[in-house]
Amino acid sequence: KAGVTQTPRYLIKTRGQQVTLSCSPISGHRSVSWYQQTPGQGLQFLFEYFSETQRNKGNFPGRFSGRQFSNSRSEMNVSTLELGDSALYLCASSVNLAGPGETQYFGPGTRLLVL
Amino acid sequence: DQQVKQNSPSLSVQEGRISILNCDYTNSMFDYFLWYKKYPAEGPTFLISISSIKDKNEDGRFTVFLNKSAKHLSLHIVPSQPGDSAVYFCAASGRRGSGGGADGLTFGKGTHLIIQP
């Protein structure tokens, strides 16, 4: 079974631009979560989508948004990029993250550099 | 405020010996704990998990111990192998109060395990 895939793997943008990242979950997985990893803050939860609805959200500003399609693929968007948005963005999928007893499987990440 | 803490940024262990990675948490609502392993330029890979109703879970060379009263968990790797050299993340989650779904995973900052030949 193919794992979680993320595109693009690397991205360079300038301040003020916007960016869209894509994630395809493992086949059959309906929950998709997004995380940001930075050297200073570590791995931080952005949001989770299930059945095309945002079901849970971390503590990030409204510039960070996402969506999920009917095939469970997900995109996240960051508008008005800031230098501090430079990070590794990770997507994780699970069958149905309805409770704590489920494992999330991560993709390789998209490395975003904001200049 | 860090709810999941891994106080050792790095740990060096000789090949064949036991590696013990530690993790402390503060949020008593957490009821599920996971360990992930991460190589550079890759996403975290799930290793092993434990529910708060257990105090030990074993999978091959990996054992996780949970001490709820101390809000502490540890990952034991026996015997340690060169391929175990990676960054290990402790993560925790808990069920939301209502509406279904769980909070996203809360991660520690990781421990870089180095296995010496």
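A.B. asks: Can you lay out the overall build of chain B for me, pointing to particular residues and giving the numbers?
C.D. replies: Looking only at helices and strands, chain B has 0 helices and 11 strands in total. Along chain B, helices and strands appear, N-terminal first, in the series β-β-β-β-β-β-β-β-β-β-β. For 117 residues, the compact-globule estimate of 2.2 N^0.38 gives 13 Å, and chain B sits close to it at 14 Å. If you line up chain B on its principal axes, its C-alpha atoms span 50 × 30 × 25 Å.

A.B. asks: Requested: an account of the packing of aromatic side chains, with residues and values cited.
C.D. replies: If you walk through the whole model with that rule in mind, you get 13 aromatic pairs over all chains. Feature note: the residues A:Tyr35, A:Phe45, A:Tyr105, A:Phe106, B:Tyr36, B:Phe46, B:Phe89 and B:Phe107 constitute an aromatic cluster, connected by ring pairs. The ring of A:Phe50 has A:Arg55 lying over it, and the distance from NZ or CZ to the ring centre is 4.4 Å.

A.B. asks: Quick one: what's the story with the pairing of strand β3 (residues 19–25) of chain B, residue by residue and with numbers?
C.D. replies: Residue and element names in this part refer to chain B. Only one face of β3 is covered, namely the one carrying Ser19, Leu21, Cys23 and Tyr25; the face carrying Ile20, Asn22 and Asp24 has none of its residues buried. Pairing analysis gives 2 bridges linking strand β1 (residues 4–5) to β3, with the strands arranged antiparallel. Note on β3: the bridge partner recorded for valine 4 is tyrosine 25. Relative to strand β8 (residues 72–77), β3 is paired through 6 bridges, and the arrangement is antiparallel. Within the sheet, the bridge partner assigned to leucine 21 lies in β8 and is leucine 75.

A.B. asks: I'd like a rundown of the pattern of salt bridges, residues and numbers included.
C.D. replies: Residues and elements named next belong to chain A. This structure, assessed with the given rule, holds 7 salt bridges over all chains. Put simply, aspartate 85 and arginine 63 hold a salt bridge, and the shortest N to O gap is 2.8 Å. Placement of aspartate 85 in the loop between β8 (74–78) and β9 (87–94) and of arginine 63 in the loop between β6 (53–57) and β7 (64–68) is noted, with a sequence separation of 22 residues between them. In terms of burial, aspartate 85 and arginine 63 fall into one category: buried. A salt bridge links glutamate 75 to arginine 67, with the nearest nitrogen and oxygen atoms 3.2 Å apart. Here the salt bridges do not stand alone but share partners, grouping Arg63, Glu82 and Asp85 into one network.

A.B. asks: Account for the state of the cysteines, naming residues and giving values.
C.D. replies: Covalently bonding the sulfur atom of one cysteine to the sulfur atom of another cysteine gives a disulfide. Residue and element names in this part refer to chain A. Summed over the entire model, instances satisfying the criterion amount to 2 disulfides over all chains. Between the sulfur of cysteine 23 and that of cysteine 91 lies a disulfide, 1.7 Å long from S to S. What sets the handedness of the cysteine 23 and cysteine 91 disulfide is the S-S torsion sign, and at about -55 degrees it is left-handed. Here cysteine 23, found in strand β3 (residues 19–24), pairs with cysteine 91, found in strand β9; they are 68 residues apart in sequence, far enough to count as distant. What makes cysteine 23 buried here is its relative accessible area of 0%.

A.B. asks: With reference to specific residues and values, describe the environment of B:Arg17.
C.D. replies: Residues and elements named next belong to chain B. For arginine 17, the location among the structural elements is in the loop between β2 (10–14) and β3. As for arginine 17 and isoleucine 77, which are separated by 60 residues in sequence, their C-alpha atoms are 8.4 Å apart. Excluding its chain neighbours within four sequence positions, the residues that come into contact with arginine 17 are Ile77, Pro79 and Ser80.

A.B. asks: Describe the sheet that holds β7(A), listing the residues and the values that go with them.
C.D. replies: Residues and elements named next belong to chain A. Spatially, 4 strands are ordered β1-β3-β8-β7 in an open sheet, and the strand pairing comes out antiparallel. Looking at the sheet topology across the chains shown, the edges are occupied by β1 (5–7) and β7. Strand after strand, the sheet turns through a mean of 20 degrees between neighbouring axes, direction not considered. Here 3 bridges tie β1 to β3, and the two strands are oriented antiparallel to one another. Paired with glutamine 6 across the strands is cysteine 23, a residue of β3.

A.B. asks: Outline the environment of B:Gly43, supporting the account with residue identities and numerical values.
C.D. replies: Mapped onto the secondary structure, B:Gly43 falls in the loop between β4 (32–38) and β5 (45–51). As a C-alpha pair, B:Gly43 and B:Ser8 span 35 residues in sequence and 21 Å in three-dimensional space. Not counting the four nearest positions on each side in its chain, B:Gly43 is found in contact with A:Leu90, A:Phe106, A:Gly107, A:Pro108, B:Lys37 and B:Lys38.

A.B. asks: An account of the sheet that holds β3(B) is needed here, citing residue identities and associated values.
C.D. replies: If you walk across this open sheet you meet the 5 strands as β1-β3-β8-β7-β6 (chain B), and the pairing is antiparallel. The sheet terminates laterally at β1 and β6 (56–59) of chain B, the two strands that pair on one side only.

Cut-offs applied
- Note on numbering: residues in each chain are counted from 1, in written sequence order.
- Ligands are numbered from 1 and chains lettered from A, in the order in which they are written.
- pLDDT decides what is reported in this predicted model: residues at 70 or higher carry local features, side-chain atom pairs at 80 or more are listed and counted, and totals for whole chains, interfaces and linings draw on all residues regardless.
- Hydrogen atoms and water are omitted, and side-chain values are computed over all heavy atoms in the structure.
- Per the convention used, a helix needs a DSSP run of H or I reaching at least four residues, while a strand needs a run of E reaching at least two, with both numbered from the N terminus.
- Every radius of gyration here is taken over C-alpha atoms, with the globule rule written as 2.2 Å times N^0.38, N being the number of residues.
- Stacked, edge-to-face and tilted are the three classes for Phe, Tyr and Trp ring pairs, Trp counted by its six-membered ring, which pair at centre distances within 6.5 Å; planes under 30 degrees apart are stacked, over 60 edge-to-face, the rest tilted.
- Only lysine NZ and arginine CZ atoms are considered, and such an atom sits over a ring when it is within 6 Å of the ring centre and within 35 degrees of the ring normal.
- Relative accessible area decides the class of each residue, using a 1.4 Å probe on protein chains only: under 20% of the type maximum gives buried, over 50% gives exposed, and in between gives partly exposed.
- Strand pairing follows a simple DSSP-based rule, namely that at least 2 bridges must link the two strands.
- By salt bridge we mean one thing: a side-chain nitrogen of Lys or Arg within 4 Å of a carboxyl oxygen of Asp or Glu.
- Note on terminology: pairs of cysteine sulfur atoms within 2.5 Å are recorded as disulfides.
- Contact between two residues is taken to exist if any of their heavy atoms lie within 4.5 Å; hydrogens are not considered.
- Lines fitted to C-alpha atoms define the axes, with helix axes restricted to the stretch in contact, and inter-axis angles between N-to-C directions lie between 0 and 180 degrees.

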